[in-house]
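So the chains spell out like this:
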Amino acid sequence: MMNIFDHLNDRYIYIQNLYPDHSFFGIFLRGSQNYGLDIYNDNYQSDIDTVVFIIPTLHDLINKTTYNKEIIYLDNSHIELKDIRDLELLIFKANPTYIELINTDYYIINETYQLYYNQIQDKCNEISLVNFDRLLKAILGMMHTYLKKGFNNRIYDVKCLTHIIRFRIMVTYLLQGSSFKEAMTLNKKDRSRLLKIKSHEIIYDYHEAYDIAVNEINSVENMINTYQHTSIFNQQAYDYLYNIIENIIKYDLKQSLLY
């Protein structure tokens, strides 16, 4: 298999060629590789799903053009094109699948904006947990979505089951005070179990799997209900990220006007 960074680079070049008049902040890996649940064998090949942040041009700003598009790559994996202006809103909404982007080890940053990326990393966890209560509710909501999506007609999706279990583990660590990156990183024991479920080495019948999923969701609901909601929205971290995004756009505009 190709190195993950080679995959990222190929997709990054592909998007750059599609939008030659734009600059890009970078490309970030999203999904199973970030938690060590990727599988590559004769029976299953994990997708390389990515998010690319595009920087708006002056023309885009004047015409109020934004970018939010899913592109199917040559191998049928997904590249999500997002406007850099949306990053702060995505973080505010506390969707963990977007928060993981600033916590992944797999990314390529446009060298021009490395300084700004470093600034984000300086306060990465504060930004990641900027809306902590909402993050907990978002995770619970995703668990319910996976239950509805993955369990029907007495057939269950092992990926949905592993996501539900993984999210319960994640909430447990978050409520113990772990950073977002620590919480999304599975320990050896949990990773081994989930990989065995995902690869069908551990097989549950439908009722067993459904009971596991429901128990995990109930566990998270109980943890959230008993959690002392002392966390408040971190306005300082939010403003910090907003200013970085604003500076990225300003810098790009200045460079485009110079040339």
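Shown above is the structure to which this text applies.
Residues numbered from 1 in each chain as written. Predicted model: local features only at pLDDT ≥ 70, side-chain atom pairs only at ≥ 80, totals over all residues. Heavy atoms only, no water.

Caption draft 1: Fine view of the packing of aromatic side chains. Taken as a whole, this structure holds 21 aromatic pairs when the rule is applied. Considering the side-chain rings of F5 and Y106, the 5.6 Å spacing of their centres and the 50 degrees angle between planes classify their relative orientation as tilted. Placement of the pair is F5 in helix α1 (residues 4-18) and Y106 in the loop between α4 (96-99) and β5 (107-109), with a sequence separation of 101 residues. Pairing Y12 with F24 gives two aromatic rings, centres 6.3 Å apart and planes at 80 degrees, and the pair type is edge-to-face. On the criterion of sequence distance, the pair formed by Y12 in helix α1 and F24 in strand β1 (residues 23-30) is long-range, its members being 12 residues apart. This pair shows no difference in class: Y12 is buried, exactly as F24 is. The ring of Y240 has K123 sitting right over it, with the charged end atom 5.6 Å from the ring centre. One cation-aromatic arrangement involves R166 over Y35; the distance from NZ or CZ to the ring centre is 3.7 Å. (Phe/Tyr/Trp six-rings, centres within 6.5 Å; stacked < 30°, edge-to-face > 60°. Helix = DSSP H or I, 4+ residues; strand = E, 2+ residues; numbered from the N terminus. Buried < 20%, exposed > 50% of the residue type's maximum accessible area, 1.4 Å probe, protein only. Lys NZ or Arg CZ within 6 Å of the ring centre and 35° of its normal.)

Caption draft 2: Geometry of the pairing of β1. The buried count for β1 comes to seven of eight residues, which makes it a mostly enclosed element. Bridge analysis of β1 against strand β2 (residues 49-55) gives seven bridges, and the strand direction is antiparallel. Residue pairing in the sheet places I27 in a bridge with V52 of β2. Sheet analysis places β1 next to β5, joined by three bridges and oriented antiparallel. Looking at the pairing, G26 lines up with I109 of β5. (Pairing = 2+ DSSP bridges.)

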